[in-house]
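Notes for the structure review
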Amino acid sequence: MMSQNQILKLSDLAKDVSRRFDIFICSASYEERCKSVANALADHQIVGKRLVCFNQKSSSAVASNAEYLTNRLGSNAEQVLLDKTSPLVTADNLQRALSRAEGDGNDLSYLVDITTFTHEALLILLRLLQSRVKRSPVVLAYAVAEEYSVGLPPEQKWLSKGITDIRSVLGYPGDSKPSRKSHLIILVGFEFDRAERLIDEYQPHVISLGFGQPGSATATQHEQINRLAFAQLASKVSKYKEFEFSCVDVAAVEAAVSVQASLFPDCNVIVAPMNTKLSTVGVAGAAFRNIEIQLCYASASLYNVEGYSKPGDKCILATLPREYWKSASTIKAPRDPSV
Amino acid sequence: MSFQDNPFGVQTPEDIQAPEVVDLFVDVFSDFYNVPNPGHTFLNGPRGSGKSMMFRYLEPDCQLIRSGQSELRELEFYAVYVPIKNTDLKVTELERLENKHASVVLNEHFLTVFTAARVFASLRDRACIEDPTGDHAHCFGTYLKGPFYKLLLKAGFSTAPQPPSKESDLPTQIQWCIDLFDELSSSVIAYLRHLSFRRTAFPYDGPLCGYLDFLLPMLRELKVLPFMPRGPIYLLLDDADNLNETQTKILNSWVFCRTSAQVSLKISTQLNYKTFRTSTNQRIDSPHDYTEIDISTVYASSKSRYSGRVEEIVRRRLKRHHVGVGPKEFFPAYEKQEEAIKQIGVSYIAKWATEGRGSRPRDDANRYARPDFIKDLGGVKKGSSKYRYAGFEQLVYLSSGVIRYFLEPASRMYAEVQSISGDQPITYIDSAIQDRVVREEAERFMVAEFDKLSEENVELRQSGKFSQLRNLIHALGGAFHEILISDRSERRVFSVAFSDAPDRDVLMVFKLGVQYGYFHEASIGNKDGTGRTRMFVLSRRLAPFFTLDPTGFAGYWFVTNAAMREAIMRPKSFIASISKGDFLEDSGQLVLFDGETSEYAESEKEE
């Protein structure tokens, strides 16, 4: 499976997107970056229905940015309430909104701005899209940040702190066998303390720590922070297996995670995607084709709302091929007959 | 050897081989005698307090080595380890069933098949059953074809899977059972997968296994097989805080059944157990339904017992690493400091006949020599010298009743020495390194860890409870330091006991501190001698942060609710008041107790 990535200037996005999409989905956040892709597309007739997702239990900046995006995207835009404390509410509202947006349409194309979704909401959305996507393409847009944790030196940078809850991701329950040992695979991002807490909570028999391949970060300046976090985590964990993954290539991430999972075939596999959103998409792909993989999410208790990121001027477009949506088994994510 | 690099490395007990477990485990069951005896037991303690190691030691492979028996049936009980990891059973999809009748039924089935799989995995991995004649296989085959098969049919299998033939060897038959329950667990998850994105009902047509109708009779029949011990089966459910609320209630319903003569439930928690209600909303109570052990409280109330346990644990680890010295030599005290304290003690002994306060010359030396030394450091020599937290005994006190808080700093000290000593064998840890590491640990506990907890608990942070807890700890730590360097007759204080009833807000702040290990809770006789009152003990892990003396005797101090409210709201003015002698009730009320035996028992004697 090959996913195709293009790196574009945001100012060229509308010009370079070669087709029209039936549905555009984005997520409002406290980050200015949540506006980058929508602003680049809003004045062009590239997208049909527009869904603006946002977490209702977040800072006031999220609601006001949702308002901004809804207005900016025009009359075809609809707000979708997500709930970061309840994946069920998030899933149900997303599902309803998708059904409404699809109408009687069949074989629709989707453009999803994944930039500022939470990892959990993004995974749920992907699972919902899996049962909808047919032949038309799904393209993911990711607005690159120029800087994270703005203004702080690398060793002090932080994006979120603390963990309020650890849960399996809805739609990715895995297939754990009680008699087996456990293998926790973490795609390490910037937050080593949250990853450490995950290890402490699971006390897995095998730990695999993945870090972003050199040269694969969404921007080179982020690599140093990732390496620092990885080193801090590695210094606190006595035994672990190390692996590399691409931060931007969905197919390569899937392959890396699948290989790592296969190293311990007699273990229950739990994967915690904590790196880029594009790598999380790759992790979802691995779970689509291996139902034994359980995905877990550690919800943060505090986000760096004031200085999470500074928007860049570039955007990555990833086109997901049809094979991406295939399941390994015949089990397909069922659609709720009531919606 | 699994701890090749560092004798104090912490490893998950589940992964340690039986001979090593037996070699490393220090028998603590005289402190926690309910754990290896029949009866339902809750074993509560923070992470790292040794719960999982106790459970691992109870497993049959370890018990066979411990008892010197060669046959499983000679053991007094059969213990099955059932670890509850975070999202094994707490699958998010189960929330779709909440507030529906099916929730209890399906959760119980899930918990039952999960436990049953662990029972047979234990027979495979931990039971060490030899079967040269094939007799055991034959008996097990009869069990499978007979009572076990009937239970499967009763559980609702339309066509129950056929067990392997009686002629199959024992491992094959046991593996069949493991596969069966693994598969049943998989089926539950497969069903849940259908619920992921569904808000309407989805029929479940699989079998349903419960405790009373399946697991209990299955275990009862298993127990009478000739190779099994005659005693009860223990189900060791480790980290039961990780169950969801419905599963917790179901487990409580199992406890409520009082089947402990045949199946005893040993449930460990990290003090975060969700409820003590059953599925039918009845409350389970101690001691009627279960016995309860709080490891921290037991050890906080008996320093000598705890110290002995730690000494033995460290001795075994050092021996396993061929370090030819004992714990006290490996963690030496700071000789110069100890000598100076000894000299102060000698002078107290010399003047006891004319100025003595204690009943024996040694009492004054024990009580005042170290506080005087600390006080002197804060005086003329301030800034030039610091009290050094070093020596095995001090390190034990600083771990505050939780073995992990000894081993983790010890591991860091060892790693630090290792990094500078190269290939040279390590035979001791310099006192300066000991001091630095425990000071850093105390700082981390009071600052970084506190911040993290505060960040993780948004609601409590927003309601100001974490700020209040920080104030309270600073107020009491600061006050205890002021008392330590005062001229009062009793200077070592680590605890406060209420002389009146604490109000809800004050109590909530203390309880929050208990939940996160900053305080231990206990009770003592009240001032009037008419009943008991609450006592809160500051964690000795914080001693270096507030420059307190963690060793030996420790006193408590009767306080009013109003005084604690002041401490919570205005910690600086509270400490200033303490310096002036306010809030301190007369010395007769500041009662000492002997931490070397049982702090609370002794304190009552002295009252």
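In this numbering scheme, every chain counts its residues from 1 along its sequence in written order. As they are written, the chains are lettered A onward and the ligands numbered 1 onward, keeping that order. The predicted nature of this model means local features are confined to residues of pLDDT at least 70 and side-chain atom pairs, given and counted, to a pLDDT of 80 or more, with totals for whole chains, interfaces and linings taken over all residues.

**A word on the overall build of chain B**
Rules: The numbering of helices and of strands both runs from the N terminus, where a helix is a DSSP run of H or I of at least 4 residues and a strand a run of E of at least 2. Radius of gyration here uses only the C-alpha atoms, and the compact-globule reference equals 2.2 Å multiplied by the residue count raised to the power 0.38. Three exposure classes are used. Buried residues have 20 or more other C-beta atoms within 10 Å of their own C-beta, exposed residues have 12 or fewer, and partly exposed residues fall in between, all C-beta atoms being placed from the backbone. Contact definition: two residues whose C-beta atoms, as placed from backbone geometry, lie within 7 Å.
Each helix and strand counted, chain B has 23 helices and 10 strands in total. Relative to the globule expectation of 25 Å for 607 residues, the C-alpha radius of gyration of chain B, 28 Å, shows essentially globular dimensions. Here the C-alpha coordinates of chain B stretch approximately 90 × 55 × 45 Å along the principal axes. Taken over 607 residues, chain B has a buried fraction of 48%. Sequence-distant contacts, at least 24 apart, represent 78% of the contacts inside chain B between residues at least 6 apart.

**Comments concerning the overall build of chain A**
If you tally the helices and strands in chain A, you get 9 helices and 13 strands. Computed over C-alpha atoms, the radius of gyration of chain A comes to 19 Å, within 12% of the 20 Å expected from 2.2 N^0.38 for 339 residues, which places it in the range of a compact globule. Relative to its 339 residues, chain A shows a buried fraction of 53%. Put simply, 83% of the contacts in chain A that link residues at least 6 apart link residues at least 24 apart.

**Describing the confidence of the model for chain B**
In regions of low pLDDT, the predicted coordinates are not meant to be interpreted in detail. Residues and elements named next belong to chain B. Our working definition: The quantity called pLDDT is the predictor's confidence in a given residue, expressed from 0 to 100.
Across chain B, the average pLDDT comes to 87, with 93% of residues at 70 or higher. In the model, residues 380–384 has pLDDT below 50 throughout and makes 1 contact with residues more than four positions away in sequence or in other chains. For residues 586–607, every residue scores under 50 in pLDDT, and the model assigns this stretch 46 contacts once sequence neighbours within four places are set aside. The complex model carries a pTM of 0.86, and its ipTM stands at 0.91.

**A few points about the domain arrangement of chain B**
Basically, it comes down to this: A domain assignment, automatic or from a database, supplies the domain bounds used here.
The assigned domain composition of chain B is domain 1 (28–296) and domain 2 (457–607). In this structure, domain 1 of chain B and domain 2 of chain B have C-alpha centres spaced 42 Å apart.

**Observations regarding the sheet that holds strand β12 (residues 293–303) of chain A**
Residue and element names in this part refer to chain A. Quick reminder of the rule: One bridge is not enough; two strands pair if DSSP finds at least two bridges between them. Orientation is described by axes fitted as lines to C-alpha atoms, over the contacting stretch for helices, and by angles from 0 to 180 degrees between their N-to-C directions.
Pairing is mixed in the open sheet, where 6 strands are placed in the order β7-β12-β11-β8-β9-β10. Each of the sheet's edge strands pairs with one partner strand only, and the pair in question is β7 (160–173) and β10 (241–245). The mean inter-strand angle of the sheet, taken between neighbouring strand axes irrespective of direction, is 25°. Direction of pairing for β7 relative to β12: antiparallel, over a ladder of 8 bridges. Residue pairing in the sheet places proline 173 in a bridge with glutamine 294 of β12. In the packing of helix α5 (residues 119–130) onto the sheet, the strands contacted are β7, β11 (267–273) and β12, and the crossing angle to β7 comes to about 10°.

**A few points about the packing of helix α18 (residues 465–484) of chain B against helix α22 (residues 571–580) of chain B**
Residues and elements named next belong to chain B. What counts here: Orientation is classified from the angle alone, with under 35 degrees giving roughly parallel, over 145 giving roughly antiparallel, 65 to 115 giving roughly perpendicular, and any other angle giving oblique. Left-handed describes a crossing in which the near helix is turned anticlockwise from the far one by less than a right angle; the clockwise case is right-handed.
The geometry of α18 relative to α22 is characterised by a closest axis approach of 9 Å and an angle of 15° between their N-to-C directions. Between α18 and α22, the angle is such that the two are roughly parallel. As for the relative orientation of α18 and α22, their crossing is right-handed in sense. Taken together, the residues of α22 that come into contact with α18 (itself represented by Asn471, His474, Ala475, Gly478, Ala479, Glu482 and Ile483) are Pro571, Phe574, Ile575, Ile578 and Ser579.

**Examining the interface of chain B and chain A**
In plain terms, the rule: Residues were grouped as follows: Ala, Val, Leu, Ile, Met, Phe, Trp, Tyr, Cys and Pro as nonpolar; Asp, Glu, Lys and Arg as charged; and all remaining residues, including Gly, as polar.
Contacts between chain B and chain A engage 34 residues on the former and 39 residues on the latter. Elements supplying a minimum of two residues to the side of chain B that touches chain A: α4 (101–125), α6 (170–195) and α16 (431–456) of chain B. In terms of residue count, the dominant contributor to the side of chain B that touches chain A is α6 of chain B (9 residues). For the side of chain B that touches chain A, the class distribution of residues is 10 nonpolar, 10 polar and 14 charged.

**Here's the deal with the sheet that holds strand β3 (residues 47–55) of chain A**
All names here are of chain A. Across the sheet, 7 strands lie side by side as β1-β13-β6-β5-β2-β3-β4; this open sheet has mixed pairing. Both outer strands of the open sheet, β1 (4–9) and β4 (77–82), are each paired with one neighbouring strand and no more. Across this sheet, the average inter-strand angle for adjacent strands is 20°, counted without regard to direction.

**Focus on helix α2 (residues 51–58) of chain B**
Of all 8 residues in α2 of chain B, 8 are buried, a share of seventy percent or more. All buried positions along α2 of chain B are accounted for by Lys51, Ser52, Met53, Met54, Phe55, Arg56, Tyr57 and Leu58 of chain B.

**Here's the deal with the confidence of the model for chain A**
All names here are of chain A. Mean pLDDT over chain A: 87, with 94% of residues reaching 70 or higher. Mean pLDDT across the elements of chain A bottoms out in helix α7 (residues 221–236) (72) and peaks in β11 (97). Counting interchain partners and residues more than four positions distant, the pLDDT-below-50 stretch residues 330–339 has 24 contacts.

**As for the domain arrangement of chain A**
Interface size is commonly expressed as the accessible surface area that is lost when the partners come together. All names here are of chain A. Split into domains, chain A comes out as domain 1 (4–147 + 311–325) and domain 2 (154–303). If you average the C-alpha positions of domain 1 and of domain 2, the two centres end up 24 Å apart. Contacts between the two partners involve 26 residues from domain 1 and, on the opposite side, 21 residues from domain 2. Mapped by element, the contributors of at least two residues to the side of domain 1 that touches domain 2 are α4 (87–102), α5, β6 (138–148) and β13 (309–320).

**Points about helix α12 (residues 335–355) of chain B**
Residues and elements named next belong to chain B. Where we set the bar: To estimate the expected span of a helix, subtract one from its residue number and multiply by 1.5 Å. The term bend refers to the angle at a residue between two fitted axes, each drawn through seven residues, those ending there and those starting there.
Here α12 spans 28 Å end to end across 21 residues, near enough to the 30 Å set by a 1.5 Å rise per residue. Along α12, the largest kink reaches about 30° and is centred on isoleucine 349. Along α12, the residues classified as buried are Gln337, Ile341, Gly345 and Tyr348. Where α12 is buried, its residues meet α13 (361–378).

**Describing the nonpolar core**
The line we're drawing: Each nonpolar core reported here comprises buried Ala, Val, Leu, Ile, Met, Phe, Trp, Tyr and Cys residues connected via C-beta atoms within 7 Å.
Counting 157 residues, the largest nonpolar core has Val80, Phe120 and Leu236 of chain B as the members making the most contacts within it. When residues of this core are assigned to domains, at least three map to each of domain 1 (28–296) and domain 2 (457–607) of chain B. In contact with valine 80 of chain B, other than residues within four places in its own chain, are Arg118, Val119, Ser122, Ile233, Tyr234, Leu235 and Leu236 of chain B. The next biggest cluster of nonpolar side chains, apart from the first, holds 111 residues, and it includes Ala38, Leu140 and Phe288 of chain A together with Phe197 of chain B.

**As for the environment of arginine 220 of chain B**
Residues and elements named next belong to chain B. Its location among the elements puts arginine 220 in helix α7 (residues 211–223). Under the C-beta neighbour-count criterion, arginine 220 is labelled partly exposed, with 14 such atoms within 10 Å. Residues arginine 220 and proline 232, 12 residues apart in the sequence, show an inter-C-alpha distance of 8.9 Å.

**Quick notes on the pairing of strand β2 (residues 78–83) of chain B**
Counting buried residues in β2 of chain B gives 6 out of 6 residues, a clear majority hidden from the surface. The two faces of β2 of chain B match: Tyr78, Val80 and Val82 of chain B on one face and Ala79, Tyr81 and Pro83 of chain B on the other face are all buried.

**Here's the deal with the environment of tryptophan 325 of chain A**
Among the secondary structure elements, tryptophan 325 of chain A is positioned in the segment after β13. Not counting residues within four places of it along the chain, the set of residues in contact with tryptophan 325 of chain A comprises Gln130 and Val133 of chain A.

**A closer look at unusual backbone geometry**
Along the chain, serine 286 of chain B connects to proline 287 of chain B via a cis peptide bond; the corresponding omega equals 10°. Secondary-structure assignment places proline 287 of chain B in the loop between β4 (263–269) and β5 (291–294). Positive phi outside glycine occurs at glutamine 203 of chain A, with the angle close to 40°. Take glutamine 203 of chain A: it is sitting in the loop between α6 (192–202) and β9 (206–212). Look at glutamine 203 of chain A and you get buried, because 20 C-beta atoms sit within 10 Å. Positive phi values are uncommon outside glycine, yet cysteine 128 of chain B reaches one of about 50°. Its place among the elements puts cysteine 128 of chain B in the loop between α4 and α5 (135–154).

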